[in-house]
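# Working through the structure, step by step
Here is what each chain is made of, one letter per residue.
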Amino acid sequence: MAQSIVPPAVSPTSTTGTAVTPLPLRAVLPWAVFVGTLMLVLLYFVGAEQGATSVFSGAEVHEWVHDGRHLLGFPCH
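These lines cover the structure that appears in this document, whether it is placed above or below. The structure displayed is predicted, hence computed values, not measured ones.

To continue, consider the packing of aromatic side chains. Overall, the coordinates contain one aromatic pair when judged by the stated rule. Look at Trp31 and Phe34: their rings are 6.3 Å apart centre to centre, the planes differ by 85°, and that puts the pair in the edge-to-face class. Taken together, the positions of Trp31 and Phe34, both in helix 1 (residues 25-47) and three residues apart, correspond to about one turn of that helix. On the basis of relative accessibility, which here comes to 59%, the residue Trp31 falls in the exposed class.

Here you go:
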């Protein structure tokens, strides 16, 4: 006789899966602060690094982030 190739259905109440353990806030908080700070620095360089608030002299940073600035809607000309 032919065997069935369909796998047996797993019920949603089955206990054969792996348990999801929650991450403690102490483990996530330093990474969240790091990523948030990195995003703010990146946003500064893309959005405000030119003119009176520039950290670096010259237009090198402006040229590196020029297309990203226009993509995000920041005016620069």
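Still more to cover.
Considering the arrangement of structural elements, one finds Arg69 in helix 3 (residues 66-71). For Arg69, a relative accessible area of 0% translates into the label buried. Beyond its immediate chain neighbours, meaning those up to four positions away, Arg69 contacts Phe45, Val46, Gly47, Ala48, Glu49, Gln50, His62, Phe74, Pro75 and Cys76.

What counts, and where the lines are drawn
Residues numbered from 1 in each chain as written. Predicted model: local features only at pLDDT ≥ 70, side-chain atom pairs only at ≥ 80, totals over all residues. Heavy atoms only, no water. Phe/Tyr/Trp six-rings, centres within 6.5 Å; stacked < 30°, edge-to-face > 60°. Helix = DSSP H or I, 4+ residues; strand = E, 2+ residues; numbered from the N terminus. Buried < 20%, exposed > 50% of the residue type's maximum accessible area, 1.4 Å probe, protein only. Contact = heavy atoms within 4.5 Å.

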